[in-house]
Amino acid sequence: MKAVVAGAPVSFGVFELTPEGAETISADAMMAALAEADYAGIDLGPLGFLGEDAALRGRLERFGLGLAGGWVQLPFSDDEAFAAALPDLRAALRQFSAGAEAGAGPLPLPTLADDGSSLRRGAPGRGAEVDRLDTDAWGRLTDNVARAARIVRGAGFEPTFHHHAGTFVESPDEIDRFVADTDVDLTLDTGHLFIAGGDPLAAVERWGDRINHLHLKDVDLAALRRVLAAGGGMPEVWSGGSFVAFGQGDIDLASVMSALDARSYEGWVVVEQDVLNGPDVALDTFVTARSADQITNRNALRAWV
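Residues numbered from 1 in each chain as written. Predicted model: local features only at pLDDT ≥ 70, side-chain atom pairs only at ≥ 80, totals over all residues. Heavy atoms only, no water.

*Asks:* Account for the pairing of strand β1 (residues 2-7), naming residues and giving values.
*Replies:* One ladder, built from 5 bridges, connects β1 with strand β11 (residues 266-271); its direction is parallel. Across the sheet, the residue bridging to V5 is V269, located in β11. With 2 bridges joining them, β1 and strand β2 (residues 41-42) adopt parallel strand pairing. By the bridge assignment, G7 is partnered in β2 with I42. (Pairing = 2+ DSSP bridges. Helix = DSSP H or I, 4+ residues; strand = E, 2+ residues; numbered from the N terminus.)

See below:
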């Protein structure tokens, strides 16, 4: 398989939902841990975490890492809110350009994702039961995805779209509809598809020709079911131990990678183990455990990539 393995800040508890003011691992310490574990790239994480412009480019060069992509969440089904959020997309694209200039690995893929709704974020895996877009709203979503894709392509990058729990493109049926109604290819996220009741292996057969990016996760199904049965939303999924090191969960990642290999998948494989540090866990303990998990994950991938 001609794929390149990247890590991600979310695997160290750093992402858009990290509590404001929370103590986190530094960008340098994270990148050093990934480079030492033989990762070739890193996802952008929250805008500015890895630095911006020349600082971002210099940090990537210093650690020998490429920029794999980065999360750009937009309210696609709301025209007014979407227009107001476009400066965020353009700001992210400037950082993708800086990362691309570092020259390591394939070009980064701006990872577009829907904003969803509070109802859907509170009901991961069953969002369509509580909040579903009508025909007009779905049309706004696909039209605005097309607009965002034109902006991304105009900046010299190819977009990818992330189906995600808590958004309006979550379930296999919603992904089917998205694929039929847009020309933007997919980020297959094995963990989020699992939450939504999908089968990651079947997904490769179903959408394989439209998968241009991979977020690889393993999921502890028992832990996930406990969170969902208690009425937990996505914050509880992230903090409740649902995402685990490769081989410790219930997804047959080896079969998923074999199926992608059979389709000659090329590009980034971004290892993601979404976690939030609980207030009762010391930062150094948390970081040590997360660094060890990333070594486990990278070692598991050696058999496949």
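*Asks:* Explain the sheet that holds strand β4 (residues 69-74) to me, and be specific about the residues and the numbers.
*Replies:* The sheet built from 9 strands is open, its strands ordered β3-β2-β1-β11-β8-β7-β6-β5-β4 with parallel pairing. Looking at strand neighbours, the two that pair on one side only are β3 (66-67) and β4, the edges of this open sheet. Sheet topology places strand β7 (residues 186-189) next to strand β8 (residues 211-216); 4 bridges connect them, and they run parallel. When the bridges of β8 are listed, L186 appears paired with I211. Packing of helix α9 (residues 200-207) onto the sheet brings it into contact with β7 and β8, and relative to β7 it is tilted by some 160 degrees. Seen against the sheet, helix α13 (residues 283-301) touches β1, β8 and β11 and runs at an angle of roughly 150 degrees to β11. (Contact = heavy atoms within 4.5 Å. Axes fitted to C-alpha atoms, helices over the stretch in contact; angles between N-to-C directions.)

*Asks:* Quick rundown of unusual backbone geometry? Include the residues and the values.
*Replies:* The phi torsion at D53 lies on the positive side, around 55 degrees, for a residue other than glycine. With respect to the helices and strands, D53 occurs in the loop between β2 and α2 (54-63). The backbone of S264 sits at a positive phi, close to 60 degrees, despite the residue not being glycine. By secondary structure assignment, the location of S264 is in the loop between α12 (253-262) and β11.

*Asks:* Pulling in residues and values, what's your account of the side chain of R120?
*Replies:* Considering the arrangement of structural elements, one finds R120 in helix α4 (residues 118-121). Of the polar contacts made by the side chain of R120, one reaches the side chain of E170; its length is 3.0 Å. For R120, the contacting residues outside a window of four places in its chain are G127, A128, V130, D131, R132, G166, T167, F168, E170 and E174. (Polar contact = N/O pair within 3.5 Å; in protein donor to acceptor, adjacent residues only side chain to side chain.)

*Asks:* Explain the packing of helix α3 (residues 79-101) against helix α6 (residues 135-154) to me, and be specific about the residues and the numbers.
*Replies:* Where α3 meets α6, the axes come as close as 11 Å, and the angle between the chain directions of the two elements is 25 degrees. Between α3 and α6, the angle falls in the class roughly parallel. For α3 against α6, the interelement crossing comes out right-handed. Contacts between α3 and α6 involve D79, F82, L86, L89, R90 and L93 from the first element and R140, N144, R147, A148, I151 and V152 from the second. (Parallel < 35°, antiparallel > 145°, perpendicular 65-115°, else oblique. Left-handed = near helix turned anticlockwise from the far one by under 90°.)

*Asks:* So what's going on with the packing of α6 against helix α7 (residues 172-181)? Residues and values would help.
*Replies:* At their nearest, the axes of α6 and α7 sit 11 Å apart, and the two run at 55 degrees to each other. Of the possible angle classes, the one that applies to α6 and α7 is oblique. By crossing handedness, the relation of α6 to α7 is classed as right-handed. Contacts between α6 and α7 involve T135, W138, L141, T142 and V145 on the former and, on the latter, E174, R177, F178 and D181. Looking at the contact of α6 with α7, its residues break down into 4 nonpolar, 2 polar and 3 charged. (Nonpolar A, V, L, I, M, F, W, Y, C, P; charged D, E, K, R; others polar.)

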